[in-house]
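One letter stands for each residue in the lines below.
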Amino acid sequence: MTHATLIAAHRGGLFLWPENSALAFREAAGLALEQAECDVHMTADGEVVVMHDATLDRTTDATGPVAARTAAEFRQTRVRGTAGEAPPTLAEYLAILGASPVAPRIEIKGDGARRPYPGIVRRTLALLDAARQRERSWIIGFNAETMAEAQAAGGLAGVAWLVEIPTLTDLGLDAVIEVARARGFAEIGMHESVLDAALVGRLRAAGLGIGTWGANHEASIRRMLDLRVDIFASDDPPLAIRLRAERGG
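These notes cover the structure that comes with them. Small disclaimer: the values here were computed from a predicted structure and weren't measured.

Conventions we followed
- Residues numbered from 1 in each chain as written.
- Predicted model: local features only at pLDDT ≥ 70, side-chain atom pairs only at ≥ 80, totals over all residues.
- Heavy atoms only, no water.
- Helix = DSSP H or I, 4+ residues; strand = E, 2+ residues; numbered from the N terminus.
- Rg over C-alpha atoms; globule rule 2.2 N^0.38 Å.
- Buried < 20%, exposed > 50% of the residue type's maximum accessible area, 1.4 Å probe, protein only.
- Arc of directions from axis to C-beta.
- Contact = heavy atoms within 4.5 Å.
- 1 Å grid on protein atoms, 1.4 Å probe; cavity = no way out; pocket = protein on both sides within 12 Å on 5 of 7 lines; lining within 4 Å.
- Points joined across faces, edges and corners; volume = space filled by probe spheres on them.
- Nonpolar A, V, L, I, M, F, W, Y, C, P; charged D, E, K, R; others polar.
- Salt bridge = Lys/Arg side-chain N within 4 Å of Asp/Glu carboxyl O.
- Phe/Tyr/Trp six-rings, centres within 6.5 Å; stacked < 30°, edge-to-face > 60°.
- Polar contact = N/O pair within 3.5 Å; in protein donor to acceptor, adjacent residues only side chain to side chain.

Right, let's talk about the overall build of the protein chain for a bit. For the protein chain, the helix and strand inventory stands at 10 helices and 9 strands. Since a compact globule built from 249 residues should have a radius of gyration of about 18 Å, the 17 Å found for the protein chain is in line with a globular shape. Projected onto its principal axes, the C-alpha positions of the protein chain cover 50 × 40 × 30 Å. Looking at the protein chain as a whole, 53% of its 249 residues qualify as buried.

Here it is, written out as structure tokens:
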């Protein structure tokens, strides 16, 4: 893995624009960064759509589970803070990024009970293929089995297994590394607060890439740049870009 630190716009850059909105991804596509991260769920009729939560309540004018609505019903909702825009489908997100050098970084979510959506990996990959963006796209997520399915399918830029702090605490770093290596994951993702030079060194020694999220302010962004993680997702991508440029990449 290269040690040049890449930047992803987390949910499109939620400090600046409504998260996971088409507006945010249009703005992110014009920035000097490498990836734009989104989250996906599945509708009742099997469409892959962009939304962080399993429900519509927090970020749209509607309520209830994403999985309870058809794709057509999902399209009738509106993202708060936009000029009446519907939340994007995965296909629409890919179309926005397709004309830019900014690559997709897609977090596959579970349903309201954190269970995998049946068929979501297969459908996501089919949409990547239809958009001719599979080779430049990353699939990321917290469910190791879901990530293993994506890894086994092949053809992606990479797969990152995201490890929550309780998972790291319960399993221990050795077990996390063992799972990642057994599954062939290119990258482990952890919250920026748990990363230090010792942990980074152990992941590097295991041949694993290092991703992180939560680097949203100057201090944490500078710390991730100093640690030379492979990529960090930031809610304030313009700040991250400026700080990276100041230190020469």
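This part takes up helix α3 (residues 90-98). When α3 is considered as a whole, its buried residues turn out to be Leu90, Tyr93, Leu94 and Leu97. Angularly, the buried residues of α3 cover 95° about the axis, an arc narrow enough to put them on a single face. Summarising the contacts, the buried residues of α3 are in contact with α1 (22-29), β2 (35-42), β3 (48-50), β4 (103-108) and α4 (120-130).

Turning our attention to the layout of surface pockets. In this model, the largest pocket occupies a volume close to 300 Å³. Lining the largest pocket we find 18 residues, and of these Ile108, Lys109, Gly110, Arg114 and Phe142 sit closest to its centre. Per-class residue counts for the lining of the largest pocket are 6 nonpolar, 5 polar and 7 charged. Reported here for the second largest pocket is a volume of approximately 220 Å³. Looking at the second largest pocket, it is lined by 20 residues, and the ones nearest its centre are His10, Glu37, Glu107, Leu162 and Trp213. Of all the secondary-structure elements, those providing two or more residues to the lining of the second largest pocket are β2, β4, β7 (187-191), β8 (209-213) and β9 (231-234). When grouped by side-chain class, the residues that make up the lining of the second largest pocket number 8 nonpolar, 5 polar and 7 charged.

Once that is clear, we can look at the pattern of salt bridges. Taken as a whole and judged by the stated rule, the model has 21 salt bridges. Linking arginine 11 and glutamate 19 is a salt bridge whose minimum nitrogen-to-oxygen distance equals 3.1 Å. Each of Arg11, Glu19, Asp53 and Arg58 takes part in one network of salt bridges that share partners.

Once that is clear, we can look at the packing of aromatic side chains. Throughout the structure, instances matching the rule amount to 3 aromatic pairs. Judged by centre distance (4.8 Å) and plane angle (80°), the ring pair of phenylalanine 25 and tyrosine 93 falls under edge-to-face. With a gap of 68 residues between them, phenylalanine 25 in helix α1 and tyrosine 93 in helix α3 connect regions that are remote in the sequence. Here phenylalanine 25 matches tyrosine 93 in class, with each residue buried. Pairing tryptophan 161 with phenylalanine 185 gives two aromatic rings, centres 6.1 Å apart and planes at 50°, and the pair type is tilted.

Moving on to empty space enclosed by the protein. Counted under the stated rule, the structure contains 1 cavity of 30 Å³ or more. What the largest cavity holds in volume is close to 40 Å³. Together, Glu19, Asn20, Val50, Met51, His52, Thr59, Thr60, Val79 and Pro87 line the largest cavity. A class-by-class count of the residues in the lining of the largest cavity yields 4 nonpolar, 4 polar and 1 charged.

With that settled, consider the environment of proline 101. For proline 101, the location among the structural elements is in the loop between α3 and β4. A relative accessible area of 68% places proline 101 in the exposed class. For proline 101, the residues in contact, after removing those within four places along its chain, are Glu34 and Arg136.

With that settled, consider helix α5 (residues 144-153). Since the α-helix advances by 3.6 residues per turn, residues separated by three or four positions end up pointing in the same direction. Taken as a whole, α5 has its buried residues at Ala144, Thr146, Met147, Ala148 and Ala150. Those residues of α5 that are buried are in contact with β4, α4, β5 (138-141), β6 (158-162) and α7 (173-183). Sitting at the amino-terminal end of α5 is asparagine 143, which places a side-chain oxygen 3.0 Å from the backbone nitrogen of glutamate 145. Downstream of α5 by one or two residues, glycine 154 has phi in the positive range, about 75°.

What follows is about the side chain of threonine 89. Residue position: threonine 89 is located in the loop between α2 (71-74) and α3. Taking relative accessible area as the criterion, threonine 89 reaches 10% and is therefore assigned buried. The residues contacting threonine 89, other than those within four sequence positions of it, are Glu47, Val48, Val49, Val50 and Arg75.

Turning to the environment of leucine 97, a few remarks are in order. With respect to the helices and strands, the residue leucine 97 is situated in helix α3. Measuring from C-alpha to C-alpha, the distance between leucine 97 and valine 194 comes to 31 Å, with 97 residues separating the pair along the chain. Residues within four places of leucine 97 in sequence aside, it is in contact with Phe25, Ala29, Ala36, Val102, Ala103, Pro104, Gln133 and Arg136.

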